[in-house]
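Residues per chain, in single letters:
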Amino acid sequence: MIGQLLKLMAIKEGHQCEAVFSVAEGLEFLQREPVDIIFLDVLLPEGNGINSIPPILNSAPETDIVMLTGESSTQYIEKAFKAGATDYLIKPVNLERFSKVVGSLIKLKRKNNVQRQISREEIIGDSAKIKQCIEKVAQSSLGDANVLIQGETGTGKELFAKAIHANSGRAKNKYIIVDCTNLPVNLAESLLFGHDRGSFTGAEKAKKGLFELAHNGTIFLDEIGDLDLAIQKSLLRVLQEKKFRPLSTAYEVESDFRLVAATNRDLQAMVHQGTFRKDLYFRLQAFVISLPPLREREGDIERLVDHYLGIICEEKEMRPLEVGEDFMSALKAYEWPGNVRELVNVLQISVHKAMFDDRLTFYHLPQQLRMSKVVQDAEIRSPEPHVTPSGYNLTLPVHDGDGTLPKLKEVRKKTIDAMEQSYLHQLVMLSDNSAKTACKMSGLSRARLYELLNKHNLSLRGN
Ligand SMILES: Nc1ncnc2c1ncn2[C@@H]1O[C@H](COP(=O)(O)OP(=O)(O)OP(=O)(O)O)[C@@H](O)[C@H]1O
């Protein structure tokens, strides 16, 4: 009876609906067809409906289960939620509550479906932080709001802007990129809004502006923080009215564009300094995607290395190179101020150096990465350094706790030995295994260098 009633309500709301009268019948139905929502009564011929939640979710994990309970059996609600139900309705069910529950669940499902289906374009990374950004791309693809992408240089702002367009309803139309860096005011006005013939010296023909060309598509303003204040004012008006007047014309042009903007600057600080318009800033704040720096993306370095190494080796027609542990741990220790762009450059340099090797090692990395790893390792080894007035970090020998100190001669020898060893260790790492570089860096003669390396059981690789 309740089944038939809900079926009528669902059909009235424009949904397809089937009523079944036992769990067995329901499970059989699920084998044949996917179902978005199941209304499950607590009281079933087979017993308590809550017990059938696990087998239902086993065979249809994507389905939402809404429990139907009587006023007197609300004590089952908590148990039903624990078993995996999504919501509940109390009988007798009224149409308003029914359509609210169904409406929200269907909306959520559509949203999730879009998220699952969005194309990542070339975006690599599975860290929680990058997944959150991908989710934002999915959300933005459902609507048409302007989007601001923030992030340090090289974090992938341009890549994300492209993904927003590619996943939007405008994907088949134009995607126009404008680099706002160092754009002089006059040029920017005519470039963005177009001009009439003769509107300035050299304007021999009338020209459409990029906002007009972006009609039905997306316009990406890269480095929007670099836009001159005068252009910011015009831009604000265009965003508000979606129309503008090309230079030296008496007519207005309408354009249905979507704006995606990006910046690596702190727009809020710029607003305080008076170099970015507050009203434009607020307009851009409607939908913001903040891309995390590479150093905060757990696990993404490995994925990016895997991806780009494949591409670089293929381009160079080389066999895929293996990645040594020391290579990877140096990559992970580095701060990556230039983010993914810098990582790709480092891989290119390292592959070039490893042209005749099978495996990438620490020694193939550029010097700044080796240096940062060495410094980090040294910091870990000497947790409580004592800084001398001359600026050297020293870890003093610890006395025995009996109020005495070892002889100075002994301490001096041990200290010098330790310093020498640490110095030579770093020298070996940073000299590219070249005795010539090591001698130049350290000021040691070749004979003295080998003598000291021998003393500390160290060697230049390949020597
Ligand atoms: N998540 C990522 N997956 C794969 N490649 C990436 C990713 N992020 C960035 N890249 C690559 O890194 C380089 C820099 O990316 P992009 O130009 O999008 O960065 P950006 O944030 O716009 O930099 P800038 O602020 O300097 O303009 C590009 O080659 C891009 O393909």
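Residues numbered from 1 in each chain as written. Predicted model: local features only at pLDDT ≥ 70, side-chain atom pairs only at ≥ 80, totals over all residues. Heavy atoms only, no water.

Neighbouring residues of the ligand: 18 residues in total, closest Ile124, Thr153, Gly154, Lys157 and Tyr308. Backbone polar atom of Glu158 to an oxygen atom of the ligand: 3.1 Å apart, as the coordinates give it. One nitrogen or oxygen atom from the side chain of Tyr308 is found 2.6 Å from a nitrogen atom belonging to the ligand. Starting from 630 Å² of accessible surface for the ligand in isolation, the protein chains cover 85%. (Near = heavy atom within 4 Å. Polar contact = N/O pair within 3.5 Å; in protein donor to acceptor, adjacent residues only side chain to side chain. Areas by Shrake-Rupley, 256 points an atom, 1.4 Å probe, with all protein chains shown as cover.)

What follows is about the environment of Ala250. Mapped onto the elements of the fold, Ala250 is located in the loop between strand 11 (243–244) and strand 12 (253–254). Residue Ala250 is classed as exposed on the basis of its relative accessible area, which comes to 79%. For the pair formed by Ala250 and Tyr88, sequence separation is 162 residues and the distance between their alpha carbons is 61 Å. (Helix = DSSP H or I, 4+ residues; strand = E, 2+ residues; numbered from the N terminus. Buried < 20%, exposed > 50% of the residue type's maximum accessible area, 1.4 Å probe, protein only.)

For strand 10 (residues 218–222), the tally of buried residues reaches 5 of 5 residues, placing the bulk of the element in the interior. Neither face of strand 10 is left uncovered, since the one carrying Thr218, Phe220 and Asp222 and the one carrying Ile219 and Leu221 both have all their residues buried. Pairing analysis gives 5 bridges linking strand 7 (residues 175–179) to strand 10, with the strands arranged parallel. The partner of Tyr175 across the bridge, within strand 10, is Thr218. Across 4 bridges, the pairing between strand 10 and strand 13 (residues 258–263) is parallel. Its bridge partner lying in strand 13, Leu221 is registered against Ala261. (Pairing = 2+ DSSP bridges.)

This next bit is on the side chain of Glu420. Note that Glu420 resides in helix 17 (residues 408–430). Here Glu420 falls in the buried class, since its relative accessible area comes to 18%. Not counting chain neighbours up to four residues away, the residues in contact with Glu420 comprise Leu452, Lys455 and His456. (Contact = heavy atoms within 4.5 Å.)

Moving on: the environment of Leu95. Mapped onto the fold, Leu95 is located in helix 5 (residues 95–117). Taking relative accessible area as the criterion, Leu95 reaches 30% and is therefore assigned partly exposed. When the C-alpha atoms of Leu95 and Leu148 are compared, they prove to be 41 Å apart, with 53 residues separating the residues in sequence. Residues within four places of Leu95 in sequence aside, it is in contact with Met9, Lys12 and Glu13.

Look at the UniProt record and you will see "domain: Sigma-54 factor interaction" (unreviewed entry) annotated at residues 123–352. End C-alpha to end C-alpha, residues 123–352 measures 25 Å, and it is 45% helix and 14% strand. (UniProt positions renumbered as here; feature names shortened; annotations may be inferred.)

Take the sheet that holds strand 14 (residues 288–290) next. Strand pairing in a sheet is mediated by backbone hydrogen bonds. Such pairs are either parallel or antiparallel. On the basis of which strands lie adjacent, the open sheet formed by 5 strands has the order 7-10-13-6-14 and parallel pairing. Of all the strands in the sheet, just strand 7 and strand 14 have a single pairing partner and so form its edges. With strand direction ignored, the average angle separating the axes of adjacent strands in the sheet is 15°. Bridge count for strand 6 (residues 147–150) against strand 13 is 4 bridges, and the pairing is parallel. (Axes fitted to C-alpha atoms, helices over the stretch in contact; angles between N-to-C directions.)

What follows deals with helix 17. Think of an α-helix as turning once every 3.6 residues; residues three or four places apart then point the same way. Over its 23 residues, helix 17 extends 32 Å from the first C-alpha to the last, a length consistent with the 33 Å expected when each residue adds 1.5 Å. Those residues of helix 17 lying buried are Val411, Glu420, Leu424, Leu427, Val428, Met429 and Leu430. Once helix 17 finishes, Asp432 follows within two positions and takes phi at roughly 60°, a positive value. (Expected span 1.5 Å × (residues − 1).)

Bringing the nonpolar core into the picture now. Residues Phe211, Ile219, Leu221, Ile224 and Leu284 are the most contacted members of the largest nonpolar core, which totals 33 residues. Of all elements in the fold, only strand 7, helix 8 (185–193), helix 9 (210–213), strand 10, helix 10 (229–241), strand 13, helix 11 (267–273) and helix 12 (278–284) reach the threshold of two or more residues within this core. Excluding residues that lie within four positions of it along the chain, Leu284 makes contacts with Leu148, Ile224, Leu259, Ala261, Leu267 and Phe276. (Core = buried A, V, L, I, M, F, W, Y, C linked by side-chain atoms within 4.5 Å.)

Right, let's get into the pattern of salt bridges. Within this structure, the stated rule accounts for 23 salt bridges. Residue Arg277 is joined to Asp279 by a salt bridge in which the shortest nitrogen-to-oxygen separation is 2.9 Å. The salt bridge involving Asp417 is made with Lys413; its shortest N-O contact spans 3.0 Å. Note that Asp417 and Lys413 are positioned in helix 17 at a spacing of 4 residues, about one turn of the helix. (Salt bridge = Lys/Arg side-chain N within 4 Å of Asp/Glu carboxyl O.)

Taken as a whole and assessed by the stated rule, the structure comprises 9 aromatic pairs. Ring geometry for Phe193 and Phe211: centres 5.6 Å apart, planes at 10°, overall stacked. Taken together, the positions of Phe193 in helix 8 and Phe211 in helix 9 put the pair 18 residues apart, joining distant regions of the chain. The exposure classification of Phe193 matches that of Phe211, with both residues buried. Note on Phe193 and Phe244: the rings are 5.6 Å apart at their centroids and 45° apart in plane angle, and the pair reads as tilted. Taken as a pair, Phe193 in helix 8 and Phe244 in strand 11 lie far apart in primary sequence, 51 residues in all. Phe244 shares its class with Phe193; the two are buried. Following the ring pairs from residue to residue traces out a cluster consisting of Phe193, Phe211, Phe244 and Phe257. Across the ring face of Tyr88, the terminal group of Arg97 is positioned such that the distance to the ring centre comes to 6.0 Å. Of note, Lys136 hangs over the ring of Phe287, and the distance from its end group to the ring centre comes to 5.2 Å. (Phe/Tyr/Trp six-rings, centres within 6.5 Å; stacked < 30°, edge-to-face > 60°. Lys NZ or Arg CZ within 6 Å of the ring centre and 35° of its normal.)

On the basis of which strands lie adjacent, the open sheet formed by 3 strands has the order 1-4-5 and parallel pairing. Each end of this open sheet is capped by a strand with a single partner; those strands are strand 1 (37–41) and strand 5 (87–90). Neighbouring strand axes in the sheet, compared pairwise and without regard to direction, differ in orientation by 25° on average. Of the strand pairs in this sheet, strand 1 and strand 4 (residues 64–69) are connected by 5 bridges, and their pairing is parallel. Residue pairing across strands places Phe39 opposite Val66, the latter belonging to strand 4.

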